[in-house]
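Examination of the molecular architecture
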Amino acid sequence: PPVKGGHLLPVADLKKQEAEKFRSKRDPGDFLVCLDENGIQMDSLGFSAFLEKKTHAGQKSIVFIVGGAYGLDESLLRESGLVLSLSRFTFPHQMARLILAEQLYRAFTLMRNEKYHHQ
């Protein structure tokens, strides 16, 4: 765990600090999606349908949160509108961000009926 003032910071405290940092940056109307290995899984078509439903329902912004090396604080998971798992595998958060970006691209191409996703 990171060091604060010459002392190791307990993982629970680190996760709480990260949660507060996330909270300070989001707007009250944001729909929060937390990525967590224990969340629900969707296929690409289901993810696209979820995003399309949210946008048609008037959701202005959907915020995706990828936690750090120790995961996300439970309080943040409880606040989210969706806890989503990219896979049962554990990925470094940089890779999770890349996979999420690709799935977002795929979802929007599906919504626009573009030829990217092969069924």
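Higher on the page you've got the structure.
Keep in mind that this is a model prediction, so the values were computed, not measured. (Residues numbered from 1 in each chain as written. Predicted model: local features only at pLDDT ≥ 70, side-chain atom pairs only at ≥ 80, totals over all residues. Heavy atoms only, no water.)

**Description of unusual backbone geometry**
Put simply, the test is: Elements are defined by DSSP. Helices are runs of H or I of four residues or more, strands are runs of E of two residues or more, and each kind is numbered from the N terminus. Accessibility here uses a 1.4 Å probe with only protein chains present; expressed as a share of the type maximum, an area under 20% marks a residue as buried, one over 50% as exposed, and anything in between as partly exposed.
Despite not being glycine, Asn 113 shows a phi value in the positive range, around 55°. Tracing the backbone shows Asn 113 in the segment after α4 (93-111). Looking at Asn 113, the relative accessible area reads 70%, which means it is exposed.

**Re the nonpolar core**
Stated formally: Throughout this description, the term nonpolar core refers to a set of buried Ala, Val, Leu, Ile, Met, Phe, Trp, Tyr and Cys residues connected via side-chain atoms within 4.5 Å. The contact rule is simple, with two residues in contact once any of their heavy atoms fall within 4.5 Å.
Of all hydrophobic cores here, the largest spans 12 residues; its members are Phe 31, Val 33, Leu 35, Phe 47, Phe 50, Leu 51, Val 66, Leu 82, Leu 84, Ala 96, Leu 100 and Ala 107. The set of elements that each furnish at least two residues to this core consists of β3 (31-40), α2 (44-56), β5 (82-84) and α4. Residues contacting Leu 35, with those up to four places away along its chain left out, are Ile 65, Val 66, Leu 72, Leu 84, Leu 86 and Leu 100. Counting residues in each nonpolar core, the second largest holds seven residues, with Leu 32, Cys 34, Leu 72 and Leu 76 among its members.

**Looking at the pattern of salt bridges**
What counts, and what does not: The term salt bridge refers to a pairing of a side-chain nitrogen on Lys or Arg with a carboxyl oxygen on Asp or Glu at a separation within 4 Å.
Applying the stated criterion across every chain, the model contains five salt bridges. Arg 23 serves as the salt-bridge partner of Glu 20, at 2.7 Å between the closest nitrogen and oxygen. Note that Glu 20 and Arg 23 are positioned in helix α1 (residues 11-25) at a spacing of three residues, about one turn of the helix. Residue Glu 20 is classed as partly exposed on the basis of its relative accessible area of 49%. Put simply, Glu 20, Arg 23, Arg 26 and Glu 79 are held in one network by salt bridges that share partners.

**Here we look at the pairing of β3**
Heads up, the condition is: Here, a strand pair is defined by DSSP locating no fewer than two bridges between the strands. A clockwise path from the first strand over the helix to the second, with the strands pointing away from the viewer, defines a right-handed crossover.
With seven of 10 residues buried, β3 lies mostly within the body of the structure. Bridge count for β3 against strand β4 (residues 62-66) is five bridges, and the pairing is parallel. Along β4, the bridge assignment pairs Val 33 with Phe 64. Handedness of the crossover joining β3 and β4 through α2 is recorded here as right-handed. Bridging between β3 and β5 involves four bridges; their strand directions are parallel. Note on β5: the bridge partner recorded for Leu 35 is Leu 84.

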